[in-house]
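Descriptive analysis of the structure
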Amino acid sequence: MPAPVLEHAHHTTATKQSSSILSKSSSKIDPPVPVARQRRLAQYHPTIWGPKLIDSFSTHYTHESYASKLEGLKQNVSEDLHVLSTKAKGDACLTLKLIDSMQRLGVAYHFEKEIKAAIVTLVSSSTASTTTDLQTVALQFRILRQHGIPISSDLFNQFTNGEGTFKDSLSNDVEGLLSLYEASHLGMPGEDVLEEAKKFSFKNLKQSMATLKDDNILKRVAQSLQTPLHWRMPRIEALNFITMYQREDSKNMQGLLELAKLDYNLVQSVHQMEIKELSRQVWKRFRFPNPYDQAVDILLQWWRELDLKSKASFSRDRLMENYMWVMGTSYYPQFTQGRIGLTKFVCILTVIDDMYDVYGFLDELECFTDAVTQWNMEAKEELPKYMKPIYIAMLEFGNDFADNIFKNTGLNTLPCIKNEWINLCKAYMVEARWFYGGYTPTLEEYLKNAWTSVGGPGAVLHAYLLIQGSQLTEASLESFNHGSQLIYRASIITRLTDDLGTFKAERERGDVTKSIQCYMEEKGASEEEAHDYMKGLICYSWKKINQETAKTTIPRSIVNMSLNMARTAHCIFQHGDGIGTSVGVTKDRLVSLIANPIPLDD
């Protein structure tokens, strides 16, 4: 990335003149010379998703046209699952594989009750509990943990020798090893057998790649070793697994594949509508929509009418990429209002983040932070001109968001919403002071602040309020607090994956010090050692997430949002800065996710 451009600005406060200038012999005193200050500019490239391109997205796969076909396919798959899970000598492995395929193909949300019933039947099955097949045991372990059902990792002890290592006889069982490797990523702190399982399966799968003849299995192994299933963004996984699934010998499950393809296209049509409505130029003023009305009737022009592209030209113009963040958190078609509201939150957050990170002077940022704490329109009068529209956008968004919730539930959520924005801006301010003071914090100091500055707590709160909708109650607000550790760990993963992906570009720009530099300076470590340490922290945070998700006091919606936020971070920063430089892999993924449907034999 090119070196940052420096933009001149003039300090408005006159500097004191030296006493030597003020001699009695001087008949005229020259006016003070303004001190030039230099702004940093990150040189983000313009959006590659222009209005005309977004408006050109189209598909003939609509729910109105395909509702009947969808229902028929769903009925067939439901019957297949029921038959497999209830027949007298049911094959536990086949049932587990079907459930796993439904989840990975992205259609399990249609069958939540049926899958729950099948799992209950499976748990009570003597066949499932007595099997010694590695693939089946590992698959059962993973699926039960995914669904929050207690299961001990001790069941893997049967595959180890007396010294706690896995038996060499398993080293050629590629399907079993692959299942074991995926299961090991559902481990919690202290489960040593799963740590050993991860090492054993990784080593043997890596070695097997040189001799595997089946190209499809080879691709599955390579994909898992790069990113385990538990860490993958669900919508990307659905697309990839559809491609893999249709290559396999699954003649008995062609109905499931057909359903997955059709459902993918129908959900994509909903996503297309949402991004077009967010982008379209119709409204004459900015306001946040009522999250309980029809989105297509009220969500017109938002991004362009907000016009932060010109009012905050220093920032990233990334509507599509921000939408991808939100889609990764929840892609289900029924959550249109949640995605639209959360995309707005992320767009405003992105501008404020760039203002603190790159463009704003320290005294300006102090003023902005004070104004956010005051949370009123009068506070904007003390702000520099460029900050005023940003402050207004944030304030109106938060107030209207809370007003709409109050109108529909009678609950006052404004204190919660204000608190998240205040915490976020204060966290940004800490980093700005570090930067301007030339201070490199310890890694502990950095992470204590960075889990908030990454925006995770604010994003999950807004998503939860939107998804709860009219069902929001005082009790459900209280239950949100039970997920604090889960949100913390998901935010740490989001922060660290972001740091790993953006490290090189931000170092060249001279941005705020991030985790890798903190660790290198604190420990005298090399860049490679710092990268490895951050990856280790990510793995540990996933274990802590698995521990938290097992708690029944945490609403499943918070569990899923937190999991998917971390997974989406892995996806976006897998190949570098997927937001700042949104060409290449990010562009290709957005084309597949939003623009191009999967061909079907209609």
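Residues numbered from 1 in each chain as written. Predicted model: local features only at pLDDT ≥ 70, side-chain atom pairs only at ≥ 80, totals over all residues. Heavy atoms only, no water.

Enumeration over the complete set of coordinates arrives at 20 salt bridges. For Asp353, the salt bridge goes to Arg316, with nearest N and O atoms at 3.3 Å. Within this pair, whereas Asp353 is found in helix H16 (residues 336-359), its partner Arg316 is found in the loop between helix H14 (308-311) and helix H15 (319-329), the two being separated by 37 residues in sequence. Classification of Asp353 as buried rests on a relative accessible area of 16%. (Salt bridge = Lys/Arg side-chain N within 4 Å of Asp/Glu carboxyl O. Helix = DSSP H or I, 4+ residues; strand = E, 2+ residues; numbered from the N terminus. Buried < 20%, exposed > 50% of the residue type's maximum accessible area, 1.4 Å probe, protein only.)

With that settled, consider the side chain of His230. Mapped onto the elements of the fold, His230 is located in the loop between helix H9 (215-226) and helix H10 (234-245). According to the relative accessible area criterion, His230 is buried, its value standing at 6%. Side-chain polar atoms of His230 contact the side chain of Asn546, separated by 2.9 Å. Here His230 is in contact with Glu182, His185, Leu186, Trp542, Asn546, Leu563 and Arg567, once residues within four sequence places are set aside. (Polar contact = N/O pair within 3.5 Å; in protein donor to acceptor, adjacent residues only side chain to side chain. Contact = heavy atoms within 4.5 Å.)

So, on to the nonpolar core. Grouped together as the largest cluster of nonpolar side chains are 88 residues, with contacts concentrated most on Met102, Phe156, Phe166, Leu256 and Ile594. In terms of residue count, helix H11 (residues 254-279) provides more of this core than any other element does, ten residues in total. The contacts of Leu256, once residues within four sequence positions are left out, are Val77, Leu98, Ser101, Met102, Leu105, Val107 and Tyr245. Judged by nonpolar contacts, the second largest core, of 79 residues, contains Ile348, Met387, Cys518 and Ile554. (Core = buried A, V, L, I, M, F, W, Y, C linked by side-chain atoms within 4.5 Å.)

How two helices pack is summed up by the angle between their axes together with the distance between the axes. Closest axis-to-axis distance for the H11/helix H27 (residues 585-595) pair is 8 Å, and the angle between their directions is 105°. As summarised for this structure, H11 and H27 are arranged roughly perpendicular, according to the angle between their axes. Residues Tyr264, Gln268, Gln272 and Ile275 of H11 pack against Ser592, Leu593, Ile594 and Ala595 of H27. Taken together, the residues of the contact of H11 with H27 break down into five nonpolar, three polar and no charged. (Axes fitted to C-alpha atoms, helices over the stretch in contact; angles between N-to-C directions. Parallel < 35°, antiparallel > 145°, perpendicular 65-115°, else oblique. Nonpolar A, V, L, I, M, F, W, Y, C, P; charged D, E, K, R; others polar.)

With that settled, the discussion passes to H9. For H9, built from twelve residues, the straight-helix expectation of 16 Å at 1.5 Å per residue is met to within 8% by its first-to-last C-alpha distance of 17 Å. Within the sequence span of H9, burial applies to Asn216, Ile217, Arg220, Val221, Gln223, Ser224 and Leu225. Buried-residue contacts for H9 involve helix H7 (174-184), helix H8 (192-208) and H10. Capping the start of H9, Asp214 holds a side-chain oxygen 2.9 Å from the backbone nitrogen of Asn216, two or three residues further along. (Expected span 1.5 Å × (residues − 1).)

What follows covers helix H6 (residues 134-146). Between the first and last C-alpha of H6 there are 18 Å, a value that for 13 residues agrees with the 18 Å anticipated at 1.5 Å per step. Taken across its 13 residues, H6 has twelve buried, putting it largely inside the fold. Of all the positions in H6, only Leu134, Gln135, Thr136, Val137, Ala138, Leu139, Gln140, Phe141, Arg142, Ile143, Leu144 and Arg145 are classed as buried. Remark: Gly148 follows H6 within two positions and exhibits a positive phi of approximately 75°.

According to the stated counting rule, one finds 27 aromatic pairs in the structure shown. Between the aromatic rings of Phe345 and Phe397, the centroid separation amounts to 6.5 Å while the plane-to-plane angle is 40°, which identifies the pairing as tilted. Linking Phe345 in helix H16 with Phe397 in helix H18 (residues 388-409), this pair joins segments that are 52 residues apart in sequence. Residue Phe345 is classed as buried on the basis of its relative accessible area of 2%. Put simply, the rings of Tyr109, Tyr331, Tyr332 and Phe335 pair up and form one aromatic cluster. (Phe/Tyr/Trp six-rings, centres within 6.5 Å; stacked < 30°, edge-to-face > 60°.)

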